[in-house]
Amino acid sequence: MLVLVVDSSTPAVTAALAEVSADGVALRASRCTVDARAHGELLAPQVDAVLADVGARPADLAAIVAGLGPGPFTGLRVGLVTAATMGQVLGVPTYGVCSLDGLGLPPSDDGETVLAASDARRREVYWAVYDGAGRRVAGPDVAAPAVAAERARDLAVAVAVGDGAHRYADVLGLPVRAEPRYPDPMALAGLAAERIRAGAPGEPLTPLYLRRPDAVAATGHKPVLR
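Just so we're clear, the structure is a prediction, and the values are computed from it rather than from any experiment. (Residues numbered from 1 in each chain as written. Predicted model: local features only at pLDDT ≥ 70, side-chain atom pairs only at ≥ 80, totals over all residues. Heavy atoms only, no water.)

Novice: Hey, could you run me through the overall build of the chain in this one?
Specialist: Of the regular secondary structure elements, the chain holds seven helices and nine strands. Each principal axis of the C-alpha distribution contributes one length, and for the chain these read about 65 × 50 × 30 Å. Sorting the 226 residues of the chain into buried and exposed places 47% on the buried side. A separation threshold of at least 6 residues defines the contact pool for the chain, and within that pool the share at least 24 residues apart is 62%. (Helix = DSSP H or I, 4+ residues; strand = E, 2+ residues; numbered from the N terminus. Buried < 20%, exposed > 50% of the residue type's maximum accessible area, 1.4 Å probe, protein only. Contact = heavy atoms within 4.5 Å.)

Here it is, written out as structure tokens:
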């Protein structure tokens, strides 16, 4: 089954195609562009590009997998709206996965406990902790890097991954792996693979914002006449 994977929870805008079979998950094509200000402009062309890479059409898709975040409001909703709209138009199920799981998985070969962190702006990180088997044992949450570092020490974290970990490596005080820096589409597809194989009903794509958006509606009106 050919599955589209999209994620816009970080500055990386990702579109990929994965083949989900009884034997596993294989990545067929992938595009990723890092630009925190151009999610809306980049995602749709990248979806077209990965389909063209394998000579497929939207009608060939069996399902769509989307990273639910956590992530900043504006960027994150681009991926979720794109996935939900395509799912509705094509009549295929949509499945959501936590984007941080695409950083913390697959499990470490050496059984280390891993802190996955992405940049949340406002000098904060979105973070979660994964044990050596790849199970999420804390998070997702949003906090100052120092708070995430304290929780990581409590959970005996050995290494960190993700763009947030690179950005705040001095505060976290952990070795930082070079990759993955952004959610891995292969891992995201793998997280939804069981539901896809089972033909599970599609799910509402509910974003993990974890905090209010930067822009808020005005609570009052200023007088224009004296």
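Novice: Teacher, can you tell me more about the pairing of strand E3 (residues 24-34) here?
Specialist: For a regular strand, side-chain orientation follows a simple rule: the groups alternate between the two sheet faces. Looking at chain direction, strand E2 (residues 12-21) and E3 are connected through 10 bridges and run antiparallel. By the bridge assignment, Val13 is partnered in E3 with Thr33. Once E2 ends, the chain turns through two residues before running back antiparallel as E3. (Pairing = 2+ DSSP bridges.)

Novice: Can you walk me through the nonpolar core in this structure?
Specialist: Among soluble globular proteins, nonpolar side chains are generally buried collectively. Counting 23 residues, the largest nonpolar core has Leu4, Val6, Leu17, Leu43, Val47 and Leu61 as the members making the most contacts within it. If you tally residues by element for this core, the top one is helix H2 (residues 73-90), at five residues. Beyond its immediate sequence surroundings of up to four residues, Leu43 is in contact with Val6, Val13, Thr14, Ala15, Val78, Gly79 and Thr82. Core analysis: the second largest hydrophobic core is formed by 16 residues, Ala117, Ala143, Ala148 and Tyr168 among them. (Core = buried A, V, L, I, M, F, W, Y, C linked by side-chain atoms within 4.5 Å.)

Novice: Is there a simple way to explain the layout of surface pockets in this structure?
Specialist: Sizing a probe to match a water molecule and rolling it over the atoms shows the empty space that remains. Its boundaries defined by the atoms lining it, the largest pocket holds a volume of some 240 Å³. As for the largest pocket, its lining consists of 13 residues, of which Ala36, Arg37, His39, Pro72 and Arg121 are closest to the centre. For the lining of the largest pocket, the elements supplying multiple residues, two or more each, are H2 and strand E6 (114-121). When its residues are assigned to classes, the lining of the largest pocket shows four nonpolar, five polar and four charged. (1 Å grid on protein atoms, 1.4 Å probe; cavity = no way out; pocket = protein on both sides within 12 Å on 5 of 7 lines; lining within 4 Å. Points joined across faces, edges and corners; volume = space filled by probe spheres on them. Nonpolar A, V, L, I, M, F, W, Y, C, P; charged D, E, K, R; others polar.)

Novice: Any chance you could explain the packing of aromatic side chains here in plain terms?
Specialist: Each aromatic ring pair is described using two quantities: the centre-to-centre distance and the angle formed by the ring planes. Applying the stated criterion to the full structure yields one aromatic pair. Measuring from centroid to centroid gives 4.8 Å for Phe73 and Tyr209, while their planes differ by 40 degrees, and the two rings are tilted. Of this pair, Phe73 sits in helix H2 while Tyr209 sits in the segment after helix H7 (185-198), and the two are 136 residues apart along the sequence. (Phe/Tyr/Trp six-rings, centres within 6.5 Å; stacked < 30°, edge-to-face > 60°.)

Novice: Help me out: how do you make sense of the environment of Ala12 in this one?
Specialist: Mapped onto the secondary structure, Ala12 falls in strand E2. Given the relative accessible area of 1%, Ala12 is considered buried. Sequence-wise, Ala12 and Leu174 are 162 residues apart; in three dimensions their C-alpha atoms are separated by 23 Å. Not counting chain neighbours up to four residues away, the residues in contact with Ala12 comprise Asp7, Cys32, Thr33, Val34 and Tyr182.

Novice: Please clarify how the sheet that holds E6 should be interpreted in this entry.
Specialist: The pairing of strands in a sheet comes from backbone hydrogen bonds and takes either a parallel or an antiparallel form. Read from one edge of the open sheet, four strands run E8-E7-E6-E9, paired in mixed fashion. Pairing within the sheet leaves two strands with one partner each, and these edge strands are strand E8 (136-143) and strand E9 (159-161). If you compare each strand with its neighbour and ignore which way they point, the axes differ by 20 degrees on average. Bridge count for E6 against E9 is three bridges, and the pairing is parallel. Looking at the pairing, Leu115 lines up with Ala160 of E9. Where helix H4 (residues 145-154) meets the sheet, it contacts E6, strand E7 (124-130) and E8, and its direction lies at approximately 15 degrees from that of E7. (Axes fitted to C-alpha atoms, helices over the stretch in contact; angles between N-to-C directions.)

Nothing here speaks to function; it is all geometry.
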